[in-house]
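# Analysis of the macromolecular model
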Amino acid sequence: MGFNCGIVGLPNVGKSTLFNALTATQTAEAANYPFCTIEPNVGRVAVPDPRLDTLAAIAKSAKIVPTQLEFVDIAGLVRGASKGEGLGNQFLSHIRAVDAVAQVLRCFDDPNVTHVEGSVDPIRDIETIETELMLADLESLEKRRLAAEKRARGADKEAKAELSVIEPALAALTAGKPARSIGLPEELKPVLKSFQLLTAKPVLYVANVEESAAAAGNARSQRVAQYATHQDAQSVVISAAIEAEVAQLADPDERRAFLESLGLHETGLARIIRAGYALLDLVTFFTVGPKEAHAWTVRKGAKAPEAAGAIHSDFEKGFIRAEVIGYADYIACGGEPGAKDAGKLRIEGADYVVADGDVLHIRFNL
């Protein structure tokens, strides 16, 4: 599993339409009224990676298994969510459970689709969402600080570590900045993550534009891109309406022709995945053989045993070594036998950091 991303936003911005398109399902009812998505819908999609097809062709793999990406469609937020307005408590608890947040922002005009604020302004919508999340985090941290201070008076080292994260986080939130904006030494980052703060999660801003602006965006999506840059975040432009149409086309050639007619070279799903990988520092490695070519995802910096564990927990427990061929070497040498003959197959131990595109063969013993 690569990562899971919560799709959030105000009501009627295109969240459920995008979710349906991305997962090619209709499990989330896309209706023109708030709170049509009561429970978070979860959908998994295959991550398109042309490298996997190339590897499978060389190895003559009988089966191709891409890695997967999970999307969670979360009910629309309204002002006051941090105080329980609308579906506030449910909304916030569902966000805590995801790895990253994709904020869908309405960047199109449509008199037939009402906007909860009465007008279209994506930056105002971002600020509404961020304010509610920051208020919820402030309340959570204030409670956590009181408990940590009591424990710290008893020389609790863990409590002192917590306070060294809580104080700068509270200062940032009080100043109107998200918790992810604070700089922490590496050893304290796991402490921040353990708090499950809403504003500590990486954010991807998704500008939902009209069909005619899907290729180049519009003035509103440009404002979103500028805002994202200032926040050190990622942004993508999509048209949920187009994605919904593409999802209905089963034939790859029809999809390609349809996208090209609109000046697009790839789907919004591909752009969201690429931005998501950059957002969470993920890398893909492969296992390749005559039975199957399989793509796997781990976080950048993962060592060989962790990659082995992504395949099967027993592989990590009994890890001995990894036989590694870089993707470019595998292609240039025409597969594993050629890579071996050319001296491009390396034997790596438990300290090896997996690189994006590596072809691995794990040796283990239980």
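Residues numbered from 1 in each chain as written. Predicted model: local features only at pLDDT ≥ 70, side-chain atom pairs only at ≥ 80, totals over all residues. Heavy atoms only, no water.

### Focus on the overall build of the protein chain
Put simply, the rule is: Only DSSP runs of H or I with at least four residues qualify as helices, and only runs of E with at least two residues qualify as strands; both kinds are numbered from the N terminus onward. The globule rule used for comparison is 2.2 Å times the number of residues to the exponent 0.38, while the radius of gyration itself is calculated over C-alpha atoms. Only protein chains enter the area calculation, which uses a 1.4 Å probe; residues under 20% of their type maximum are buried, those over 50% are exposed, and those in between are partly exposed. The contact criterion used is simple: two residues touch if any of their non-hydrogen atoms lie within 4.5 Å. Here, Shrake-Rupley sampling with a 1.4 Å probe gives the accessible areas, and only protein chains in the shown set may cover a residue.
Counting its regular elements, the protein chain contains 14 helices and 12 strands. For the protein chain, the C-alpha radius of gyration of 23 Å lies close to 21 Å, the compact-globule estimate for 366 residues. Put simply, the protein chain has 366 residues, and 50% of those count as buried. Partitioning the contacts of the protein chain with sequence separation of at least 6, the portion at a separation of at least 24 is 68%. As presented, the protein chain carries roughly 17200 Å² of accessible surface, and 51% of it is formed by carbon and sulfur atoms.

### Here's the deal with the packing of helix 4 (residues 122–152) against helix 5 (residues 157–174)
Packed helices, taken two at a time, are described by the angle their axes make and the gap between the axes. Operational definition: Every axis corresponds to a line fitted to the C-alpha atoms, with the helix fit spanning only the stretch in contact, and the corresponding angles, defined between N-to-C directions, vary from 0 to 180 degrees. Throughout, the term roughly parallel applies to angles under 35 degrees, roughly antiparallel to angles over 145, roughly perpendicular to angles from 65 to 115, and oblique to all others. In this scheme the crossing of two helices becomes right-handed for a clockwise turn of the near helix relative to the far one and left-handed for an anticlockwise turn of less than a right angle. Classification used: nonpolar for Ala, Val, Leu, Ile, Met, Phe, Trp, Tyr, Cys and Pro, charged for Asp, Glu, Lys and Arg, polar for all others including Gly.
Between helix 4 and helix 5, the shortest axis-to-axis distance is 9 Å and the interhelical angle comes to 150 degrees. Relative to helix 5, helix 4 is oriented roughly antiparallel. For the element pair helix 4 and helix 5, the recorded crossing hand is left-handed. Between helix 4 and helix 5, the contacting residues are Met 134, Asp 137, Leu 138, Leu 141, Glu 142, Arg 144, Arg 145, Ala 148, Glu 149, Arg 151 and Ala 152 on the first element and Glu 158, Ala 159, Lys 160, Glu 162, Leu 163, Ile 166, Glu 167, Ala 169, Leu 170, Leu 173 and Thr 174 on the second. Each residue belonging to the contact of helix 4 with helix 5 can be placed in one class, and the counts come to 11 nonpolar, one polar and 10 charged.

### Some points on the environment of Gln 196
Within the secondary structure, Gln 196 sits in the loop between helix 6 (189–194) and strand 6 (203–208). Note: C-alpha distance between Gln 196 and Val 98 (98 residues apart in sequence) is 9.4 Å.

### Notes on the side chain of Ser 221
Locating Ser 221 in the fold gives a position in helix 7 (residues 219–230). Discounting chain neighbours no more than four positions away, the residues touching Ser 221 are Cys 107, Ala 207, Val 209 and Val 237.

### Section: the pairing of strand 6
Heads up, the condition is: At least two bridges found by DSSP between two strands is the condition for calling them paired. Looking down the strands as they point away from you, a crossover is right-handed if its path from the first strand over the helix to the second goes clockwise.
For strand 6, the tally of buried residues reaches six of six residues, placing the bulk of the element in the interior. Direction of pairing for strand 5 (residues 100–106) relative to strand 6: parallel, over a ladder of six bridges. Paired with Gln 103 across the two strands is Tyr 205, which belongs to strand 6. After leaving strand 6, the chain enters helix 7 and then returns to the sheet as strand 7 (residues 234–238), a path that is right-handed.

### Thoughts on the environment of Val 113
Relative to the assigned elements, Val 113 resides in the loop between strand 5 and helix 4. Between the C-alpha atoms of Val 113 and Ala 216, which are 103 residues apart in sequence, the distance is 23 Å.

### Here's the deal with the sheet that holds strand 1 (residues 4–8)
Strands sit in the order 2-4-1-5-6-7 across an open sheet of six strands; the sheet is mixed. Each end of this open sheet is capped by a strand with a single partner; those strands are strand 2 (41–46) and strand 7. On average, adjacent strands in this sheet sit at an angle of 25 degrees to one another, irrespective of strand direction.

### Remarks on the nonpolar core
To be explicit about the condition: What we call a nonpolar core is a set of buried Ala, Val, Leu, Ile, Met, Phe, Trp, Tyr and Cys residues that are connected through their side-chain atoms within 4.5 Å.
One finds Leu 18, Phe 71, Val 206 and Ile 272 to be the most contacted residues of the largest nonpolar core, which totals 39 residues. The element best represented in this core is helix 10 (residues 268–280), accounting for seven residues. Listed in part, the 21 residues of the second largest apolar core include Ala 169, Leu 170, Ala 172 and Phe 195.

### A short note on the confidence of the model for the protein chain
Quick reminder of the rule: The predictor reports its confidence for every residue as pLDDT, a score running from 0 up to 100.
Taken over all residues, the pLDDT of the protein chain has a mean of 87, while the share at 70 or more is 91%. Mean pLDDT per element in the protein chain: helix 3 (residues 88–96) is the minimum at 69, and helix 13 (residues 327–332) is the maximum at 98.

### Points about the state of the cysteines
The criterion, for reference: Any two cysteine sulfur atoms within 2.5 Å of one another count as a disulfide.
The tally for this structure, following the rule as stated, stands at zero disulfides. With no disulfide partner, Cys 5 has as its closest neighbouring cysteine sulfur the one in Cys 107, 17 Å distant. A residue is classified by how much of its surface remains accessible, and Cys 5, at 3% relative accessible area, is buried.

### A look at the pairing of strand 5
Across the seven residues that make up strand 5, a large majority, seven, are buried. Covered by surrounding structure in strand 5 are Ala 100, Ala 102, Val 104 and Arg 106 together with Val 101, Gln 103 and Leu 105, the residues of both alternating faces. Here strand 1 runs beside strand 5; their pairing, made up of four bridges, is parallel. Pairing of Gly 6 across the sheet is with Val 101, part of strand 5.

### Some details on the side chain of Thr 67
So the rule is basically this: Pairs of N or O atoms are called polar contacts if they sit within 3.5 Å, as long as, within protein, a hydrogen donor faces a hydrogen acceptor (for residues adjacent in sequence, only side-chain-to-side-chain pairs).
Relative to the helices and strands, Thr 67 is located in the loop between strand 3 (63–65) and strand 4 (68–73). Overall, Thr 67 belongs to the buried group, its relative accessible area being 6%. Within the structure, the side chain of Thr 67 is placed 3.1 Å from the side chain of Thr 297, a separation counted as a polar contact.

### Digging into helix 5
Condition: Working rule for helices: expected span equals 1.5 Å times residues minus one.
The terminal C-alpha atoms of helix 5, which comprises 18 residues, lie 26 Å apart, in line with the 26 Å expected from a rise of 1.5 Å per residue. Regarding helix 5, the residues found buried are Ala 159, Glu 162, Leu 163, Val 165, Ile 166, Ala 169, Leu 170, Ala 172 and Leu 173. Against the buried residues of helix 5 lie helix 4 and helix 6. Sitting at the head of helix 5, Asp 156 places a side-chain oxygen 2.9 Å from the backbone nitrogen of Glu 158.

### Let's talk about helix 2 (residues 50–59)
Where we set the bar: It is the directions from the helix axis to the C-beta atoms whose arc is reported.
Those residues of helix 2 not exposed but buried are Arg 51, Leu 52, Leu 55, Ala 56 and Ala 59. Axial view of helix 2: buried residues confined to an arc of 135 degrees, hence all on one face. Pointing more than 90 degrees away from the buried face of helix 2 are the exposed residues Pro 50 and Ala 57. Among the structural elements, strand 3, strand 8 (282–288), strand 9 (292–299), helix 13 and strand 12 (359–364) are those in contact with the buried residues of helix 2. Two residues or fewer after helix 2 comes Lys 60, characterised by a positive phi angle close to 55 degrees.

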